[in-house]
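What follows is the residue order along each chain.
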Amino acid sequence: MFLITGATGNVGRHVVAELASQGRKVRALTRDPASARLPAGVEVAATADFPLDGVTAVFLNPAVFYTGFGDLLERCRAHGVRRVVMLSSLASEQAEDSNPIGRRHLDLEREIEASGLEWSFPRPGAFATNTLGWADRIRATGTVRGPYADAQLSPIHERDIAAVCARALTGDDLVGERPPLTGPESLTFADQARLIGKAIGKDVRYEELSPEAARAEMLGNPHMPPAIADSLLEMWAESVGRPAFISPEVERITGRPARTFAEWAADNADLFA
Ligand SMILES: NC(=O)c1ccc[n+]([C@@H]2O[C@H](COP(=O)([O-])OP(=O)(O)OC[C@H]3O[C@@H](n4cnc5c(N)ncnc54)[C@H](OP(=O)(O)O)[C@@H]3O)[C@@H](O)[C@H]2O)c1
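Residues numbered from 1 in each chain as written. Predicted model: local features only at pLDDT ≥ 70, side-chain atom pairs only at ≥ 80, totals over all residues. Heavy atoms only, no water.

Turning to the site of the ligand, a few remarks are in order. As a matter of local geometry, the ligand sits amid 19 residues, with Thr-8, Asn-10, Thr-30, Arg-31 and Asn-130 nearest to it. Asn-10 has a polar side-chain atom sitting 2.7 Å from an oxygen atom of the ligand. The contact in question runs from an oxygen atom of the ligand to an N or O atom on the backbone of Arg-31, over 2.8 Å. Coverage of the ligand by the protein chains reaches 71% of its 910 Å² of free accessible surface. Partitioning the shell around the ligand into residue classes produces seven nonpolar, eleven polar and one charged. (Near = heavy atom within 4 Å. Polar contact = N/O pair within 3.5 Å; in protein donor to acceptor, adjacent residues only side chain to side chain. Areas by Shrake-Rupley, 256 points an atom, 1.4 Å probe, with all protein chains shown as cover. Nonpolar A, V, L, I, M, F, W, Y, C, P; charged D, E, K, R; others polar.)

Now for the domain arrangement of the protein. Each assigned domain of the protein is listed with its residue range as follows: domain 1 (2–121) and domain 2 (128–156 + 183–272). The partner domain 2 presents eight residues to the six residues of domain 1 that form the contact. Its largest share of buried area at the contact with domain 2, domain 1 owes to Asn-10, Pro-100 and Ile-101, together 64% of the area lost on that side. Linking domain 1 to domain 2 there are zero salt bridges. Summed over the shared surface of domain 1 and domain 2, the result is zero residue pairs in polar contact (both at pLDDT 80 or more). A per-class count over the side of domain 1 that touches domain 2 returns four nonpolar, two polar and no charged. (Domains from an automatic or database assignment. Contact = heavy atoms within 4.5 Å. Buried area = accessible area lost by both parts, 1.4 Å probe. Salt bridge = Lys/Arg side-chain N within 4 Å of Asp/Glu carboxyl O.)

Of the two faces of strand 4 (residues 57–60), the one holding Ala-57 and Phe-59 and the one holding Val-58 and Leu-60 are both buried throughout. Note that strand 1 (residues 2–4) and strand 4 share three bridges and pair parallel. Residue pairing for strand 4: Phe-2 is matched across the bridge by Ala-57. Inspection of the sheet shows strand 4 paired to strand 5 (residues 83–86) by four bridges, in the parallel sense. Bridge pairing in strand 5 places Phe-59 opposite Val-85. (Buried < 20%, exposed > 50% of the residue type's maximum accessible area, 1.4 Å probe, protein only. Helix = DSSP H or I, 4+ residues; strand = E, 2+ residues; numbered from the N terminus. Pairing = 2+ DSSP bridges.)

Our focus in this paragraph is the pattern of salt bridges. Note on pairing: side chains with opposite charge can pair once their charged atoms come close. Applying the stated rule across the entire model yields 19 salt bridges. With its nearest N and O atoms 2.5 Å apart, the salt bridge here joins Asp-160 to Arg-259. Pair noted here: Asp-160 is in helix 5 (residues 158–170) and Arg-259 is in the loop between helix 9 (249–254) and helix 10 (261–267), with a separation of 99 residues, a long-range link. Taken individually, Asp-160 and Arg-259 each receive the classification buried, so the pair is uniform in this respect. The salt bridge involving Glu-207 is made with Arg-205; its shortest N-O contact spans 3.6 Å.

Right, let's talk about the nonpolar core for a bit. Within the largest apolar cluster, 32 residues are counted, with the highest numbers of intra-cluster contacts made by Trp-134, Ile-138, Trp-236 and Phe-261. Contributions of two or more residues to this core are made by helix 4 (135–141), helix 6 (189–200), strand 12 (205–209), helix 7 (211–219), helix 8 (226–238), helix 10 and helix 11 (269–272). When residues in this core are grouped by element, the largest group, five residues, is from helix 6. Leave out the neighbours within four places in its chain, and Phe-261 touches Ala-128, Thr-131, Pro-155, Glu-185, Leu-187, Gln-192, Leu-195 and Ile-196. Core analysis: the next-biggest nonpolar cluster, separate from the first, contains 29 residues, Val-85, Cys-165, Ala-168 and Leu-174 among them. (Core = buried A, V, L, I, M, F, W, Y, C linked by side-chain atoms within 4.5 Å.)

We describe a pair of aromatic rings using the distance from one ring centre to the other and the angle between the two ring planes. A full pass over the atoms with the stated rule returns nine aromatic pairs. With 5.2 Å between their ring centres and 65 degrees between their planes, Phe-65 and Phe-69 make a pair best called edge-to-face. On the basis of relative accessibility, which here comes to 8%, the residue Phe-65 falls in the buried class. Aromatic side chains Phe-189 and Trp-236 sit 5.2 Å apart centroid to centroid with 85 degrees between the ring planes, which places their arrangement in the edge-to-face category. You can see Phe-189 sitting in helix 6 and its partner Trp-236 sitting in helix 8, a full 47 residues away along the chain. Judged on exposure class, the residue Phe-189 and its partner Trp-236 are both buried. Above the ring of Tyr-66, the side-chain terminus of Arg-104 is found at 4.8 Å from the ring centroid. (Phe/Tyr/Trp six-rings, centres within 6.5 Å; stacked < 30°, edge-to-face > 60°. Lys NZ or Arg CZ within 6 Å of the ring centre and 35° of its normal.)

Below you can see the structure in the form of structure tokens.
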């Protein structure tokens, strides 16, 4: 049995679908089982209950463990869980430079490593789903407002992250590995806005805000700590005019090329139109 935390999340939902389509037994955790809309045949349980009976491998999404793992890893061992796959972050590679996103994921990775459980830590860079934050404005005005129009990223499709995570849960080849995961191309924010426009048959323009104005908008979100906003702004500033890192790992692990941002935009066009 595979236990998936954050099962309604960007990646978790696709990990559940991938395992279920392979005929695997899946227990999906969510805070609200009644509204989870998970595939038929998947056992759905409350995150607060965390039932570990019969579980051999666990997928951990750090978003669920904002206050840390507590005694979870000990409980996993006591229940005979063999393997933990945690959705980490490419920012972990810069954690020693006091990048707070990387620091948090690296601390969680180290806690799991020390537990004695088998582990795998897929480390994705920027999710293509981050652009869903643009959807309301694109629908209303056909524009996006944000900082650093020319910042270069290699946004990754959440289904590619999920495919790697499913492989890490079910096979042995990624045990003890931290594969960096990215999309297949370096794109600016302005390129991403344009490609969303192409997917919905509309001109979508990226209007550049000053870093100060962008910071103020980011802090309007009550879930955005100032240290994270500052770290993101710094990362984007550094990536202006610098092609983003492209990892070959999605293709190596899954056997198919990483999906492009244009494919992602086509898959999600209804959310922007
Ligand atoms: N966004 C990026 O570009 C990026 C890049 C690299 C790494 N990451 C990392 O990837 C991870 C996933 O991020 P995400 O934003 O995409 O998350 P997400 O998958 O959207 O959220 C995961 C799920 O966790 C559950 N959840 C959220 N808050 C919770 C809480 N306080 N307690 C219990 N359950 C909670 C929710 O499910 P229910 O409502 O069903 O309970 C939610 O659907 C994070 O660690 C993030 O740092 C993100």
